[in-house]
Amino acid sequence: MNEKHWLVVQYPLKSAKGSKRDEWLRDKVTEYLNLFLADAELGYVDGFELGKGVADPAKYVLNLFCVVTDEARGIALVKRVLKEHRLDYTRISIATMPFEGGGTYTLKYAAKKGVTDFSL
(Lines give C-alpha, C1' and ligand atoms only; values in the text may rest on other atoms or scores of the structure.)
Protein backbone atom coordinates (compact mmCIF):
# COMPACT_ATOMS: atom_id res chain seq x y z
CA MET A 1 0.00 0.00 0.00
CA ASN A 2 1.27 3.44 -0.88
CA GLU A 3 2.01 6.01 1.79
CA LYS A 4 0.31 9.40 1.81
CA HIS A 5 2.33 12.44 0.79
CA TRP A 6 1.90 16.18 0.95
CA LEU A 7 2.10 17.60 -2.56
CA VAL A 8 2.41 21.36 -3.00
CA VAL A 9 1.89 23.24 -6.25
CA GLN A 10 3.63 26.62 -6.12
CA TYR A 11 3.06 29.65 -8.34
CA PRO A 12 5.21 32.79 -8.16
CA LEU A 13 3.32 36.03 -7.54
CA LYS A 14 4.16 39.70 -8.01
CA SER A 15 2.72 40.91 -4.69
CA ALA A 16 1.86 39.59 -1.23
CA LYS A 17 -1.89 39.92 -1.74
CA GLY A 18 -1.93 38.69 -5.31
CA SER A 19 -4.20 40.02 -8.02
CA LYS A 20 -7.77 39.19 -9.04
CA ARG A 21 -6.21 36.86 -11.60
CA ASP A 22 -4.21 35.11 -8.86
CA GLU A 23 -7.40 34.63 -6.83
CA TRP A 24 -9.16 33.25 -9.90
CA LEU A 25 -6.21 30.90 -10.53
CA ARG A 26 -6.26 29.70 -6.90
CA ASP A 27 -9.98 28.94 -7.09
CA LYS A 28 -9.79 27.20 -10.50
CA VAL A 29 -6.74 25.10 -9.63
CA THR A 30 -8.39 24.06 -6.35
CA GLU A 31 -11.63 23.18 -8.16
CA TYR A 32 -9.97 21.16 -10.92
CA LEU A 33 -7.47 19.35 -8.69
CA ASN A 34 -10.17 18.40 -6.19
CA LEU A 35 -12.31 17.04 -9.03
CA PHE A 36 -9.58 15.07 -10.80
CA LEU A 37 -7.81 13.81 -7.66
CA ALA A 38 -11.14 12.54 -6.30
CA ASP A 39 -12.09 10.91 -9.62
CA ALA A 40 -8.75 9.08 -9.68
CA GLU A 41 -9.11 8.22 -5.96
CA LEU A 42 -5.70 9.82 -5.39
CA GLY A 43 -6.44 12.53 -2.84
CA TYR A 44 -7.70 16.08 -2.35
CA VAL A 45 -6.68 19.72 -1.98
CA ASP A 46 -6.16 20.50 1.70
CA GLY A 47 -5.74 24.29 1.51
CA PHE A 48 -3.56 27.12 0.31
CA GLU A 49 -1.25 29.95 1.35
CA LEU A 50 -0.94 33.20 -0.52
CA GLY A 51 1.71 35.74 0.40
CA LYS A 52 5.37 36.09 1.27
CA GLY A 53 7.64 33.11 0.86
CA VAL A 54 8.87 31.54 4.10
CA ALA A 55 12.49 31.14 3.03
CA ASP A 56 12.69 34.42 1.12
CA PRO A 57 10.26 37.15 2.30
CA ALA A 58 11.16 39.21 -0.79
CA LYS A 59 9.40 36.61 -2.96
CA TYR A 60 5.65 36.11 -3.11
CA VAL A 61 4.00 32.77 -3.78
CA LEU A 62 0.73 30.90 -3.99
CA ASN A 63 1.03 27.43 -2.47
CA LEU A 64 -1.75 24.88 -2.97
CA PHE A 65 -1.45 21.90 -0.63
CA CYS A 66 -2.75 18.47 -1.60
CA VAL A 67 -2.76 15.12 0.16
CA VAL A 68 -2.11 12.26 -2.27
CA THR A 69 -2.02 8.50 -1.77
CA ASP A 70 0.43 7.84 -4.60
CA GLU A 71 3.22 10.38 -5.06
CA ALA A 72 4.20 9.58 -8.66
CA ARG A 73 0.64 9.27 -9.96
CA GLY A 74 -0.37 12.41 -8.05
CA ILE A 75 2.42 14.46 -9.62
CA ALA A 76 1.60 13.16 -13.10
CA LEU A 77 -2.10 13.92 -12.66
CA VAL A 78 -1.47 17.44 -11.35
CA LYS A 79 0.85 18.24 -14.25
CA ARG A 80 -1.61 16.86 -16.80
CA VAL A 81 -4.63 18.70 -15.36
CA LEU A 82 -2.85 22.06 -15.11
CA LYS A 83 -1.49 21.73 -18.65
CA GLU A 84 -4.71 20.52 -20.29
CA HIS A 85 -6.83 23.18 -18.59
CA ARG A 86 -4.34 25.99 -19.21
CA LEU A 87 -3.85 26.87 -15.56
CA ASP A 88 -0.43 28.58 -15.86
CA TYR A 89 1.38 25.24 -16.16
CA THR A 90 4.54 27.00 -17.38
CA ARG A 91 5.00 28.78 -14.02
CA ILE A 92 4.60 25.94 -11.50
CA SER A 93 6.87 24.08 -9.16
CA ILE A 94 5.75 20.85 -7.51
CA ALA A 95 7.28 19.45 -4.34
CA THR A 96 6.37 16.61 -1.99
CA MET A 97 7.13 15.29 1.47
CA PRO A 98 5.84 12.32 3.49
CA PHE A 99 2.49 12.97 5.16
CA GLU A 100 3.58 11.47 8.49
CA GLY A 101 6.65 12.62 10.33
CA GLY A 102 7.07 15.94 8.58
CA GLY A 103 10.42 16.84 7.13
CA THR A 104 11.14 19.14 4.24
CA TYR A 105 9.63 19.39 0.81
CA THR A 106 11.64 17.94 -2.07
CA LEU A 107 11.32 19.52 -5.51
CA LYS A 108 9.84 17.02 -7.97
CA TYR A 109 9.07 19.28 -10.94
CA ALA A 110 9.85 22.83 -12.00
CA ALA A 111 8.52 24.33 -15.22
CA LYS A 112 11.39 26.80 -15.26
CA LYS A 113 14.70 25.31 -16.40
CA GLY A 114 17.58 25.48 -13.94
CA VAL A 115 15.43 25.45 -10.79
CA THR A 116 16.86 22.87 -8.41
CA ASP A 117 15.66 23.88 -4.95
CA PHE A 118 12.29 24.45 -3.35
CA SER A 119 11.03 26.35 -0.33
CA LEU A 120 7.64 27.46 0.83
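Use the structure listed above.
Residues numbered from 1 in each chain as written. Predicted model: local features only at pLDDT ≥ 70, side-chain atom pairs only at ≥ 80, totals over all residues. Heavy atoms only, no water.

Enquirer: Could you give an account of the pattern of salt bridges, with specific residues and numbers?
Expert: By the definition in use, this model includes 6 salt bridges. Members of the salt-bridge network, linked through shared partners, are Arg21, Asp88 and Arg91. (Salt bridge = Lys/Arg side-chain N within 4 Å of Asp/Glu carboxyl O.)

Enquirer: Before we move on, can you summarise unusual backbone geometry with the specific residues and values?
Expert: Non-glycine residue Glu41 carries a positive phi angle of around 55°. Following the sequence through the fold, Glu41 ends up in the loop between helix H1 (20–39) and strand S2 (43–52). Although it is not a glycine, Asp88 adopts a positive phi angle of roughly 50°. Mapped onto the elements, Asp88 comes out in the loop between helix H2 (71–84) and strand S4 (93–98). (Helix = DSSP H or I, 4+ residues; strand = E, 2+ residues; numbered from the N terminus.)

Enquirer: Please provide a residue-by-residue account of the packing of H1 against H2, values included.
Expert: Here H1 crosses H2 at 130°, and the two axes come no closer than 10 Å. For the element pair H1 / H2, the angle class is oblique. Considering the relative orientation of H1 and H2, their crossing is right-handed. Residues Val29, Tyr32, Leu33, Phe36 and Leu37 of H1 form the contact with H2, whose participating residues are Leu77, Val78, Val81 and Leu82. (Axes fitted to C-alpha atoms, helices over the stretch in contact; angles between N-to-C directions. Parallel < 35°, antiparallel > 145°, perpendicular 65-115°, else oblique. Left-handed = near helix turned anticlockwise from the far one by under 90°. Contact = heavy atoms within 4.5 Å.)

Enquirer: I'd like a description of the nonpolar core, backed by residues and values.
Expert: Within the largest apolar cluster, 24 residues are counted, with the highest numbers of intra-cluster contacts made by Val9, Tyr11, Leu33 and Leu82. Mapped onto this core, the elements with two or more residues apiece are strand S1 (5–13), H1, strand S3 (60–68) and H2. Broken down by element, the residue count for this core peaks at 5 residues, all from H2. Setting aside its immediate chain neighbours within four residues, Leu82 contacts Val9, Tyr11, Val29, Leu87, Tyr89 and Ile92. Listed in part, the 8 residues of the second largest apolar core include Trp6, Phe65, Ala95 and Tyr105. (Core = buried A, V, L, I, M, F, W, Y, C linked by side-chain atoms within 4.5 Å. Buried < 20%, exposed > 50% of the residue type's maximum accessible area, 1.4 Å probe, protein only.)

Enquirer: Can you lay out H1 for me, pointing to particular residues and giving the numbers?
Expert: Its 20 residues give H1 an end-to-end C-alpha distance of 29 Å, which sits within 8% of 28 Å, the value for a rise of 1.5 Å per residue. Within the span of H1, buried status applies to Asp22, Leu25, Arg26, Val29, Leu33 and Leu37. For H1, the angular spread of the buried residues around the axis is 100°, confining them to a single face. The exposed set on the far side of H1, more than 90 degrees from its buried face, consists of Lys20 and Asp39. The secondary structure elements touched by the buried residues of H1 are S1, S2, S3 and H2. (Expected span 1.5 Å × (residues − 1). Arc of directions from axis to C-beta.)

The analysis is restricted to geometry; functional conclusions fall outside its scope.
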